[in-house]
Amino acid sequence: FNSAGEKILTSTLLESGQTSTLTNFKSFQDYTIQFHEKTKIFQLRKNTLLLEEHRTFYAKEDFIGRSFKIAEAYFNQVIRGQFVEKQCFFNKYFVKFTDIIDAEEGIFEGQVYSKSYKGDYFLFNINPVDVEICSDVIDGTMDIYMTNQGDGLLFDPEHRGIMNSMEHPKAPDIFLYTINLKGDDEQ
């Protein structure tokens, strides 16, 4: 079933252990998959629902042209001579996937920008960035790594975001980002 509740596909009857490959799913759309046990021909009751799964499918090539909210960033900070892993939650930073560099490895070209009531502000001093997918989709989020010519982007402690510069004497490198795959994309 698609997100509107319309039945879009019914597979053939499967025997135990038999597989069926389904195609033509669209990326970023919610689907409900139901598995039923077929009743005997002369029984009057309906087929028994065995399992119902809600899934969203993502194809890497469909990331191009979409923007995703950067929800979290992780970086190391030196506190009293010790490296401490820190996490910062972002409210206004986004990454737009603009091109695919290596589909097999999950590496894209992207543009980082921040949203405000005045509009979108692209971080031109660091764009374009290389975006590498580091995880599978988990609860609608995915981990990525972003670099500019191999260098990690910097955390801006003053604005609690991504620095629009590749050089700063005290700004720590951000080593991992979590992006939200739902709700903030544009095509």
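Everything numeric in this text was worked out from a predicted model, so none of it was measured.

### Structural notes on the nonpolar core
Okay, step 1: Core analysis: the largest hydrophobic core is formed by 28 residues, its most contacted members being I70, V95, V112, M146, I162, Y177 and I179.
Okay, step 2: Broken down by secondary-structure element, the contributors of at least two residues to this core are strand 3 (67-79), strand 5 (93-102), strand 6 (107-116), strand 8 (129-133), strand 9 (141-148) and strand 13 (174-180).
Okay, step 3: The dominant element in this core, judged by the number of residues it contributes, is strand 3, at 4 residues.
Okay, step 4: With residues up to four places along the chain from it excluded, the contact list for M146 reads I70, V95, V112, V129, D130, V131, D151, G152, L153, I162 and Y177.

### A closer look at unusual backbone geometry
Okay, step 1: For the bond from N127 to P128, the omega torsion is -5 degrees, close enough to zero to count as cis.
Okay, step 2: With respect to the helices and strands, P128 occurs in the loop between strand 7 (119-122) and strand 8.
Okay, step 3: Positioned with a positive phi, F28 is a non-glycine residue whose angle comes to about 65 degrees.
Okay, step 4: Relative to the helices and strands, F28 resides in the segment before strand 1 (30-37).
Okay, step 5: What makes F28 buried here is its relative accessible area of 16%.

### Observations concerning the environment of Y74
Okay, step 1: Counting through the fold element by element, Y74 comes out in strand 3.
Okay, step 2: Between the C-alpha atom of Y74 and that of C88, which follows or precedes it by 14 residues, the distance is 6.5 Å.
Okay, step 3: In contact with Y74, other than residues within four places in its own chain, are E85, K86, Q87, D173, I174, F175, L176 and T178.
Okay, step 4: There is a polar contact of 3.2 Å between the side chain of Y74 and the side chain of Q87.

### Some words on the packing of aromatic side chains
Okay, step 1: For the structure shown, the criterion picks out 14 aromatic pairs.
Okay, step 2: Centre to centre, the rings of F63 and F68 are 5.5 Å apart; their planes meet at 50 degrees, and the pair counts as tilted. As far as burial versus exposure is concerned, F63 and F68 are alike and both buried.
Okay, step 3: Residues F94 and Y113 carry aromatic rings whose centres are separated by 5.6 Å and whose planes lie at 15 degrees to one another, so their mutual orientation is stacked. Taken as a pair, F94 in strand 5 and Y113 in strand 6 lie far apart in primary sequence, 19 residues in all.
Okay, step 4: Classification of Y113 by relative accessible area gives buried; the value is 0%.
Okay, step 5: Feature note: the residues F28, Y58, F63, F68, F97 and F108 constitute an aromatic cluster, connected by ring pairs.
Okay, step 6: Note that R66 overlies the ring of F28, its terminal NZ or CZ placed 4.0 Å from the centroid.
Okay, step 7: Above the face of the F94 ring, K115 is positioned so that its terminal group lies 4.8 Å from the ring centre.

Analysis parameters
- Residues numbered from 1 in each chain as written.
- Predicted model: local features only at pLDDT ≥ 70, side-chain atom pairs only at ≥ 80, totals over all residues.
- Heavy atoms only, no water.
- Core = buried A, V, L, I, M, F, W, Y, C linked by side-chain atoms within 4.5 Å.
- Buried < 20%, exposed > 50% of the residue type's maximum accessible area, 1.4 Å probe, protein only.
- Helix = DSSP H or I, 4+ residues; strand = E, 2+ residues; numbered from the N terminus.
- Contact = heavy atoms within 4.5 Å.
- Polar contact = N/O pair within 3.5 Å; in protein donor to acceptor, adjacent residues only side chain to side chain.
- Phe/Tyr/Trp six-rings, centres within 6.5 Å; stacked < 30°, edge-to-face > 60°.
- Lys NZ or Arg CZ within 6 Å of the ring centre and 35° of its normal.

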